[in-house]
Amino acid sequence: MAQVFDGKAVAARVLGTVKAEVEAARARGVTPTLAVVLVGEDPASKIYVGRKRAACQEVGIAARDHLYPQGLGEADLLALIRELNADRGVHGILLQLPLPAGLDEGRVLDAMDPAKDVDGFHPYNLGRLLAGSPTVVPCTPAGVMELLDHYGIELKGMEAVVVGRSRIVGKPLAHLLLARHATVAICHTRTRDLAAHTRRAELLAVAAGRPQVITGEMVRPDAVVIDVGINRLSSGKLVGDVEFDSVSQRASALTPVPGGVGPMTVAMLMRNTLLAATRQAGLA
Ligand code: NAP
């Protein structure tokens, strides 16, 4: 049976460190502050924003809400982003994605001050990651790396396969693994034989957003499997992109859903916000 990586416990350790550093910043007169922007009423987004706000409270980061359940036009959203960019009391901007239909995510992200982009999605920050000199690393891939490091997974030379090539998870994760000298393949919906790739993976990271798309027979014996997916079935049950029961029979280690990558994402957002605040205040 696979070892189950405890994302909740590792995230709690990260939050403990962040909390101590937030206290130190506050003692020097800087209160790290995160603007939380949520447009629309997507139920999952509301849950994620709630968790992020709770984490802010836990570590002492001030959260300022900008909630628009009735929606917001793109021009008004861009104006809000520019206002937050200019506000010296705000160190980080959390723009909860996905935006409702009709709003262009790329355009809104482009408008953000890269120094306040605590999610690391701005082209400047993604470009720095690609260039090998990261500034702000997207939270979910950063959380995956933290988890792998915590459990002492030696990435150098490893055959790594990432399923999914999104801007927020798959692509940045692949680059982080590459920077640590793994040999990386990225799979997506046009990949001809997904199982042929996943079966080669010593490290398999799955961010497809398809419930239980990876089953036991698609996994190499003794692989380390990271399940980024969060999917709610019609029964209401929360599952990952990996079929836990069959994969845990073959893998050497596996992240659960919930309690794996999810808590790590929130912890990394807190770390990124602290970093943004200390950099802007000249403390870092
Ligand atoms: P996304 O933007 O929808 O991207 C999904 C990617 O997976 C795409 O690149 C897609 O390929 C690929 N894909 C979809 N079905 C596939 C299949 N059957 N075989 C191979 N590749 C397939 O999703 P995302 O934003 O990256 O999120 C992925 C999952 O992670 C979602 O379940 C999301 O809820 C979850 N998530 C979790 C956290 C967390 O904190 N744990 C954070 C963010 C996201 P194409 O490019 O060809 O379409």
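This text goes with the structure placed above it.
Because the structure is a prediction, the values reported are computed rather than measured.

**Quick notes on the overall build of the chain**
Summing up its helical and strand segments, the chain has 10 helices and 11 strands in all. Relative to the 2.2 N^0.38 estimate, which gives 19 Å for 284 residues, the radius of gyration of the chain is 19 Å and therefore close to what a compact globule would have. Classification of the 284 residues of the chain by burial places 48% in the buried group. As displayed, the chain offers around 13,100 Å² of accessible surface, 51% of which is attributable to carbon and sulfur atoms. Counting 31 positive and 29 negative side-chain charges, the chain places the averaged centre of each group 2 Å from the other.

**Comments concerning helix H7 (residues 170-179)**
Within the span of H7, buried status applies to Gly170, Pro172, Leu173, Ala174, Leu176 and Leu177. The elements touched by buried residues of H7 are helix H5 (123-131), helix H6 (139-150), strand S5 (159-163), strand S6 (183-187) and strand S7 (203-206). One or two steps after H7, the chain reaches His181, where phi turns positive at roughly 70 degrees.

**Topic: a positive patch on the surface**
Where like charges cluster on the molecular surface, the positive patch consists of Arg165, Arg167, Lys171 and Arg190. Within the secondary structure, Lys171 is located in helix H7. According to the relative accessible area criterion, Lys171 is partly exposed, its value standing at 44%.

**Looking at unusual backbone geometry**
The amide bond that connects Leu97 to the next residue, Pro98, takes the cis arrangement and shows omega of 0 degrees. Structurally, Pro98 is set in the loop between strand S4 (92-95) and helix H4 (105-110). In this structure, the amide linkage connecting Val257 to the following residue, Pro258, adopts the cis form with an omega of 0 degrees. The topology assignment puts Pro258 in the loop between strand S11 (253-254) and helix H10 (261-280). Phi at Gln212 is positive, roughly 55 degrees, even though this residue is not glycine. Its location among the elements puts Gln212 in the loop between S7 and strand S8 (224-227). Of note in the backbone geometry, Asp222 takes a positive phi value of approximately 75 degrees without being a glycine. Mapped onto the secondary structure, Asp222 falls in the loop between S7 and S8. Relative accessible area serves as the criterion here: at 57%, Asp222 is assigned to the exposed category.

**Points about the site of the ligand**
Around the ligand lies a shell of 22 residues, among which Arg165, Ser166, Thr189, Ile230 and Thr265 are the nearest. Arg165 has a polar side-chain atom sitting 2.7 Å from an oxygen atom of the ligand. Separating an oxygen atom of the ligand from a backbone N or O atom of Ile230 is a distance of 3.1 Å. For the ligand, the protein covers 73% of the area, taking 930 Å² as the surface of the free molecule. The element contributing the most residues to the shell around the ligand is H10, with 3 residues. By residue class, the composition of the shell around the ligand is 10 nonpolar, 10 polar and 2 charged.

**Things to note about the sheet that holds strand S3 (residues 62-68)**
Spatially, the 3 strands line up as an open sheet ordered S3-S2-S4, and their pairing is parallel. Each end of this open sheet is capped by a strand with a single partner; those strands are S3 and S4. Adjacent strand axes in the sheet meet at a mean angle of 20 degrees, parallel and antiparallel pairs treated alike. Taken together, the 7 bridges between strand S2 (residues 33-39) and S3 define a ladder with parallel strand orientation. If you follow Leu34 over to S3, its bridge partner there is Ala63. Against the sheet, helix H3 (residues 74-86) contacts S2, S3 and S4, and its axis sits at roughly 180 degrees relative to S2.

**Remarks on the sheet that holds strand S1 (residues 3-4)**
If you trace the 6 strands from one edge of the open sheet to the other, you get S1-S11-S8-S7-S5-S6, paired in parallel fashion. Strands at the two margins of the open sheet, each flanked by one partner only, are S1 and S6.

**So, the pairing of S5**
Among the 5 residues of S5, 4 are classified as buried, and the element is accordingly described as predominantly covered. Note on the crossover from S5 through H7 to S6: the handedness is right-handed. Looking at chain direction, S5 and S7 are connected through 4 bridges and run parallel. Residue pairing for S7: Val161 is matched across the bridge by Leu204.

About the thresholds
- Residues numbered from 1 in each chain as written.
- Predicted model: local features only at pLDDT ≥ 70, side-chain atom pairs only at ≥ 80, totals over all residues.
- Heavy atoms only, no water.
- Helix = DSSP H or I, 4+ residues; strand = E, 2+ residues; numbered from the N terminus.
- Rg over C-alpha atoms; globule rule 2.2 N^0.38 Å.
- Buried < 20%, exposed > 50% of the residue type's maximum accessible area, 1.4 Å probe, protein only.
- Areas by Shrake-Rupley, 256 points an atom, 1.4 Å probe, with all protein chains shown as cover.
- Lys, Arg positive; Asp, Glu negative; His and termini not counted.
- Charge placed at Lys NZ, Arg CZ, Asp CG, Glu CD.
- Contact = heavy atoms within 4.5 Å.
- Patch = residues over 30% accessible without salt bridge, like charges linked within 9 Å, V, L, I, M, F, W, Y side chains within 5 Å.
- Salt bridge = Lys/Arg side-chain N within 4 Å of Asp/Glu carboxyl O.
- Near = heavy atom within 4 Å.
- Polar contact = N/O pair within 3.5 Å; in protein donor to acceptor, adjacent residues only side chain to side chain.
- Nonpolar A, V, L, I, M, F, W, Y, C, P; charged D, E, K, R; others polar.
- Pairing = 2+ DSSP bridges.
- Axes fitted to C-alpha atoms, helices over the stretch in contact; angles between N-to-C directions.
- Right-handed = clockwise from strand over helix to strand, strands pointing away.

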